[in-house]
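# Structural description and commentary
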Amino acid sequence: QVTVVESGGGLVQAGGSLSLSCAASGRTLSEYAMAWFRQAPGTEREFVASISWTGAVTYYADSIKGRFAISRDNDKNTVSLQMNSLKVEDTAVYFCAVDRFPGGVSVTTSSVEYWGKGTLVTVSS
């Protein structure tokens with residue numbers, strides 16, 4: 001049984017920062033690429049950022065490039081998302097995702113095997 005749990009969401013003013021964390025139990029995350037996705041009300045879930053199993057390769061959505069940073073600590077079995085210069089349009093539920101295939105470099109919606117339940121980020125103007 002694999003459990004993925006996000007934490008760190010909350011309410012922040014535009015221009016502020018938040019750090020999200022994702023922890024997994026039941027699987028050693030160090031062998032798998034990980035990602036963050038988000039879903040705003042009434043919209044499709046969208047890709048935010050991914051990190052390869054080694055941490056050497058990262059990908060970012062254009063909308064957050066330069067403001068967000070994904071990282072991982074394989075010793076602690078965690079993945080983080082540092083979000084800076086937050087905008088109102090960043091408001092969404094943020095989901096942590098675990099890739100299906102070991103040794104992966106990137107993550108897509110179709111390659112996700114496990115999802116967390118999400119953590120809400122609200123950015124006020």
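Described below are features of the structure shown in this document. All of these numbers come straight from a predicted model, not from anything done at the bench.

Before going further, it helps to spend a moment on unusual backbone geometry. With phi around 60°, Asn77 is a residue other than glycine that occupies positive phi space. Tracing the sequence through the fold places Asn77 in the loop between strand 7 (68–73) and strand 8 (78–83).

So, on to the pairing of strand 5 (residues 46–51). Bridging between strand 4 (residues 32–39) and strand 5 involves five bridges; their strand directions are antiparallel. Within strand 5, the residue paired with Ala35 across the bridge is Ser50. Linking strand 4 to strand 5, which pair antiparallel, is a turn of six residues; within it Gly42 sits at a positive phi near 75°. In this structure, strand 5 lies alongside strand 6 (residues 58–60), joined through three bridges in antiparallel fashion. Bridge pairing in strand 6 links Ile51 to Thr58.

What follows deals with the environment of Arg100. Examined against the element boundaries, Arg100 turns out to sit in strand 9 (residues 92–102). Arg100 gets classed as partly exposed once you look at its relative accessible area, which sits at 35%. Separated by 13 residues in the primary sequence, Arg100 and Glu113 have C-alpha atoms spaced 4.6 Å apart. Once residues within four sequence positions are removed from consideration, Arg100 is found in contact with Tyr32, Ser110, Ser111, Val112 and Glu113. In terms of polar contacts, Arg100 uses its side chain to reach the backbone carbonyl oxygen of Val112, at 3.0 Å.

Rules used throughout
- Residues numbered from 1 in each chain as written.
- Predicted model: local features only at pLDDT ≥ 70, side-chain atom pairs only at ≥ 80, totals over all residues.
- Heavy atoms only, no water.
- Helix = DSSP H or I, 4+ residues; strand = E, 2+ residues; numbered from the N terminus.
- Pairing = 2+ DSSP bridges.
- Buried < 20%, exposed > 50% of the residue type's maximum accessible area, 1.4 Å probe, protein only.
- Contact = heavy atoms within 4.5 Å.
- Polar contact = N/O pair within 3.5 Å; in protein donor to acceptor, adjacent residues only side chain to side chain.

Keep in mind these numbers describe shape, not what the thing actually does.
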